[in-house]
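A closer look at the structure
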Amino acid sequence: RPGHPVLDTSALLPSSRDSSRAATMADAHKAAGNESFKEGRYAEAAQHFTAAIDLDPGNAVLRSNRSGAFASLGRYADALADAEEAVALQPDWSKGYSRMAAALYGLGRYAESADTFQRGLQVDPSNAQMTQALQDVSAKLAAAQ
């Protein structure tokens, strides 16, 4: 129609500058979360990782880090949800499987924990920590029978 303004949608899309700023802010929250975690302030770490995830929801490392914080707080169901998301986002990264197995272990789901450690070792066969954790879970399962 003559005289009808065309809607300029470019202003509705995030600019590369906005994306860069969000990534910088996510990195800052991640660094603060890592520092809080190292100092044993797990609830604070989880808050920082949550803020980072809000800015970068597709980042598997952030989900994994928050999973570790939740597990340290004994919030194993929340830890499992984040670990599952980390594995879905980056299935070729063994740390996600390690976080998932640890959460399952915390929930008392030892057979599933062992299976998940095995899946992680398929991704990273030389991971000594995961190998040891699998042996520990397997021993617990054997003792329970």
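The sections below set out a description of the structure shown in this document.

Attention shifts here to the environment of Ser 64. Within the secondary structure, Ser 64 is located in helix 3 (residues 60-72). For Ser 64, a relative accessible area of 0% translates into the label buried. Distance in space between the C-alpha atoms of Ser 64 and Leu 80 is 9.6 Å, their sequence separation being 16 residues. Setting aside anything within four residues of it in sequence, one finds Ser 64 in contact with Ala 86, Trp 93, Lys 95 and Arg 99.

Once that is clear, we can look at the environment of Phe 70. Tracing the backbone through its elements, the reader meets Phe 70 in helix 3. Relative accessible area serves as the criterion here: at 7%, Phe 70 is assigned to the buried category. Through-space distance from the C-alpha of Phe 70 to that of Ala 46 is 6.7 Å; in sequence the pair is 24 residues apart. Once residues lying within four places of it in the same chain are set aside, the contact partners of Phe 70 are Ala 46, Arg 75, Asp 78, Ala 79 and Asp 82.

Moving on, we come to the packing of helix 4 (residues 76-89) against helix 5 (residues 94-106). Taken N-terminus to C-terminus, the directions of helix 4 and helix 5 make an angle of 155 degrees; their axes are 8 Å apart at the nearest point. One element, helix 4, and the other, helix 5, form an angle in the roughly antiparallel class. Here helix 4 and helix 5 pass one another in a crossing that is left-handed. Between helix 4 and helix 5, the residues in contact are Tyr 76, Ala 79, Leu 80, Ala 83, Glu 84, Ala 86 and Val 87 and Gly 96, Tyr 97, Arg 99, Met 100, Ala 103, Leu 104 and Gly 106, respectively. For the contact of helix 4 with helix 5, the per-class residue count stands at ten nonpolar, two polar and two charged.

What follows is about the packing of aromatic side chains. Two descriptors summarise a pair of aromatic rings, namely the distance from one centre to the other and the angle between the planes of the rings. Within the structure shown, the criterion is met by two aromatic pairs. Residues Phe 37 and Tyr 42 carry aromatic rings whose centres are separated by 5.0 Å and whose planes lie at 65 degrees to one another, so their mutual orientation is edge-to-face. With relative accessibility at 27%, the residue Phe 37 sits in the partly exposed group. Judged by its relative accessible area of 27%, Tyr 42 falls in the partly exposed class.

Here we come to the side chain of Asn 65. Relative to the elements of secondary structure, Asn 65 occurs in helix 3. In this structure Asn 65 touches Lys 30, Asn 34, Phe 49 and Arg 99, once residues within four positions along its chain are discounted.

Conventions adopted
Residues numbered from 1 in each chain as written. Predicted model: local features only at pLDDT ≥ 70, side-chain atom pairs only at ≥ 80, totals over all residues. Heavy atoms only, no water. Helix = DSSP H or I, 4+ residues; strand = E, 2+ residues; numbered from the N terminus. Buried < 20%, exposed > 50% of the residue type's maximum accessible area, 1.4 Å probe, protein only. Contact = heavy atoms within 4.5 Å. Axes fitted to C-alpha atoms, helices over the stretch in contact; angles between N-to-C directions. Parallel < 35°, antiparallel > 145°, perpendicular 65-115°, else oblique. Left-handed = near helix turned anticlockwise from the far one by under 90°. Nonpolar A, V, L, I, M, F, W, Y, C, P; charged D, E, K, R; others polar. Phe/Tyr/Trp six-rings, centres within 6.5 Å; stacked < 30°, edge-to-face > 60°.

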